[in-house]
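A closer look at the structure
So the chains spell out like this:
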Amino acid sequence: MTATLSPQLNDTTAIGRVAALVVDHAVKRFNVADKRRPVMAIDDVSMRLERGEIYGILGSNGSGKSTLIRLICGLLTLDAGRVEIFGHDLVREELTVKRLINRVSVDAAFFKKLSPLENLSFAARLYGLEAGPARSATLEILARLGISARRADRPIEQMSRGMQQKVAIARALLTSPSLLLLDEPTTGLDPRSKLDVQAFIEELRVEHGATIVLTTHDLAEADRLCDRISILNDGRKVVESTPIGLKLLVAERYDQPATLEAAFMTYTGRSLDDDHEETEETDEPN
Amino acid sequence: MTVLSHEMKTSFAFIERNFYLTRRYWGWELAFLVYSVAGALSISLIGAQAGDPRLLLSLMIGAIFWNYLSVVFSWIAETIAVERWEGTLEYTMMAPIRRSTQLLGSTAYAIVYGLVHTAVILVVLILFFPQLDLARANPLTAVAFVLLGSFSFVGIGMIAAILPLLYVERGAQMTFVLQSCLLLVSGVYYSISILPPWMQVLSHISPATYVLDGVRAGLIEGVPITELGGDIWPLLVMGATLIPLGVWAFGRAERYAKRTGKLKRVG
Ligand SMILES: Nc1ncnc2c1ncn2[C@@H]1O[C@H](COP(=O)(O)OP(=O)(O)OP(=O)(O)O)[C@@H](O)[C@H]1O
Ligand SMILES: [Mg+2]
């Protein structure tokens, strides 16, 4: 039983061997209404992340990025497929896996009447951290993200959206996750805060060897941070490569400018064959 | 042992957080206390008007106990509802904790809060009705029954917490339905003997019936707890079944929510 509470032990023995994250033929459908075909939010997606990698997921609104992240952290159950984190099966070794991951979502979900310190103290206790050290770690991380100790004592509702988002990032970092899932972490931040957070993400990888999954609509951010990028379209992974690889691919194969934007447009665009089918379907007269 | 102490420590997370919430909203807590006192007082005054000290005490016990139950249930349901509403439930459910730890932590706070709340009302009512004769009362019996019954209420509370888990907008309100059914069949303000037989069947499976029986016997007749075995064993049995049942049912609901994507609020 104690082994499940200190999973780090298992990891170090297998260092370099196990992938940080394996997603194997994941499928997730949502029933949206009776008599309607379910929405294929994630359609046979597979990926493998090595330790210390920053992996970007791009895709248009509704392409399944957040759903994939939720599947990886166990907030949704898979309809088919398998997820493994540092060699631990998500379903069978739930508590071990949960200790290793954390997530930041696009909205900063907090008890808004409570202060950052109170909210983060709750998070720290859930992850079994001692109150004293957790408090100083919280203040340190918040300061690093530009939130003063004075601010940390007042209700979160008094903070701007960007500041709340930084507190959300601090919450995730507090538990020192080995796998960090970032779902549009910089959406809504000002340019300087964005750079702060991006620098922090890089630092996490370099200094703590964290593996990071990042979804974003900011292509420059993806270009700057990600070692590899995959693009989702209607729940399917349509392409996966390094940022440079993607740019070259669209330039060579589709005769497009060698930019991530061109890659995004090409792979999520209406011009792909699959989308034609869908258009025909919805245009059908009844 | 390490596992157990780890669980205890983790469930303290919920106690501490709920305490912070109470502290932040203390003005409202005070207002709520006024509401509860006024409610219990109004009911008790019916007994005072009848000029029957026994009825007065009996109604007072019913009102105070009913308040305790409402407070405990509303805390359990509301903390889940607020977490759902704010979206923090996703983070709580991502944390490496057992669901039982979460539920026990939340319900433990609800019980402690309910006891403090109830004690305040009790003091106010005793001061308000100087004619009350508590010379024969056996407070030990009353306290023991409330604590014993709390195990069952924790179990029922966990089951009630499923509603706000799945139905964020109205779920917490729907726990009132459950409460009022308990109110109807448990003999809070009248003897269950006046109920139609089919309702009396329900009375016998409501833990509140036995708690009220025990508390009244203790405070009105001064019966020591040792003579109330008939009320104790049903509470023991119900507590021992309802808590595991509550954890199990909540787990089922959680799996359902995760399959259908019901935990999500934003993004
Ligand atoms: N809880 C849910 N219930 C029903 N359908 C859902 C649920 N969550 C997601 N979906 C559907 O699944 C699909 C993918 O949604 P998802 O939120 O993963 O997209 P996304 O790529 O994160 O989009 P965005 O860029 O807007 O954040 C959408 O069609 C959405 O309507
Ligand atoms: Mg999303």
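Anything mentioned here points back to the structure above.
Residues numbered from 1 in each chain as written. Chains lettered and ligands numbered in written order. Predicted model: local features only at pLDDT ≥ 70, side-chain atom pairs only at ≥ 80, totals over all residues. Heavy atoms only, no water.

With respect to the pattern of salt bridges
For the coordinates displayed, the defined rule picks out 28 salt bridges over all chains. Between A:R228 and A:E53 there is a salt bridge; the shortest N-O distance is 2.4 Å. A residue pair is termed long-range when its members are at least 10 positions apart, and A:R228 in strand β9 (residues 228-233) and A:E53 in the loop between β2 (39-49) and β3 (54-59) qualify at 175 residues. Comparing A:R228 with A:E53, the two get one shared label, buried. The closest approach of N and O atoms between B:E221 and B:R54, which form a salt bridge, is 2.8 Å. Remark: B:R54 occurs in helix α3 (residues 53-86) and B:E221 occurs in helix α10 (residues 207-221); sequence separation between them is 167 residues. On the basis of relative accessibility, which here comes to 49%, the residue B:R54 falls in the partly exposed class. Within the structure, one salt-bridge network assembled from shared partners comprises A:E53, A:R228, A:K237 and A:E240. (Salt bridge = Lys/Arg side-chain N within 4 Å of Asp/Glu carboxyl O. Helix = DSSP H or I, 4+ residues; strand = E, 2+ residues; numbered from the N terminus. Buried < 20%, exposed > 50% of the residue type's maximum accessible area, 1.4 Å probe, protein only.)

Re the site of ligand 1
Surrounding ligand 1, one finds 15 residues, the nearest of these being A:G62, A:K65, A:S66, A:T67 and B:G261. Ligand 1 is flanked by residues contributed from chains A and B. Within the contact set of ligand 1, an oxygen atom lies 2.8 Å away from a backbone nitrogen or oxygen of A:G62. With respect to ligand 1, the backbone of A:G64 contributes an N or O atom lying 2.9 Å from an oxygen atom. When ligand 1 sits alone it has 630 Å² of accessible area, and the protein chains cover 75% of it. (Near = heavy atom within 4 Å. Polar contact = N/O pair within 3.5 Å; in protein donor to acceptor, adjacent residues only side chain to side chain. Areas by Shrake-Rupley, 256 points an atom, 1.4 Å probe, with all protein chains shown as cover.)

Points about the packing of helix α7 (residues 161-174) of chain A against helix α8 (residues 191-208) of chain A
Residues and elements named next belong to chain A. Following both chains from N to C, one finds α7 and α8 inclined at 10°, their axes separated by 12 Å at the closest point. Our classification of the angle between α7 and α8 gives roughly parallel. Across from K166, I169 and L173 in α7, the residues of α8 making contact are S193, D196, V197, F200 and L204. Of the residues that constitute the contact of α7 with α8, the class distribution is five nonpolar, one polar and two charged. (Axes fitted to C-alpha atoms, helices over the stretch in contact; angles between N-to-C directions. Parallel < 35°, antiparallel > 145°, perpendicular 65-115°, else oblique. Contact = heavy atoms within 4.5 Å. Nonpolar A, V, L, I, M, F, W, Y, C, P; charged D, E, K, R; others polar.)

Points about the sheet that holds strand β8 (residues 211-215) of chain A
Within a sheet, each strand pairs with its neighbour through backbone hydrogen bonds, oriented either parallel or antiparallel. All names here are of chain A. Pairing is mixed across the open sheet formed by six strands, whose spatial order is β6-β7-β8-β3-β9-β10. Unpaired on one side and paired on the other, β6 (101-104) and β10 (236-241) mark the two borders of the sheet. Neighbour to neighbour, the strand axes of the sheet diverge by 20° on average, direction disregarded. Bridge count between β6 and strand β7 (residues 179-183): four bridges; the pairing is parallel. Note on β7: the bridge partner recorded for V104 is L182. Together, β3, β9 and β10 form the strand contacts of helix α11 (residues 260-268), whose direction differs from that of β9 by roughly 30°. (Pairing = 2+ DSSP bridges.)

Side note on the packing of aromatic side chains
Residues and elements named next belong to chain A. Here the structure, examined in full by the defined rule, presents nine aromatic pairs over all chains. Between the aromatic rings of Y254 and Y267, the centroid separation amounts to 5.8 Å while the plane-to-plane angle is 85°, which identifies the pairing as edge-to-face. With a gap of 13 residues between them, Y254 in helix α10 (residues 243-254) and Y267 in helix α11 connect regions that are remote in the sequence. On the basis of relative accessibility, which here comes to 33%, the residue Y254 falls in the partly exposed class. (Phe/Tyr/Trp six-rings, centres within 6.5 Å; stacked < 30°, edge-to-face > 60°.)

Section: the packing of α10(B) against helix α11 (residues 229-260) of chain B
To characterise two packed helices, one gives the angle between the axes of the helices and the distance between these axes. Residue and element names in this part refer to chain B. With their axes 9 Å apart at the nearest point, α10 and α11 run at an angle of 145° to one another. Relative to α11, the crossing made by α10 is left-handed. The segment α10 lies against α11, with P207, Y210, V211, D213 and G214 engaging G230, D231, P234, L235, M238 and L242. Residue composition of the contact of α10 with α11, by class: seven nonpolar, two polar and two charged. (Left-handed = near helix turned anticlockwise from the far one by under 90°.)

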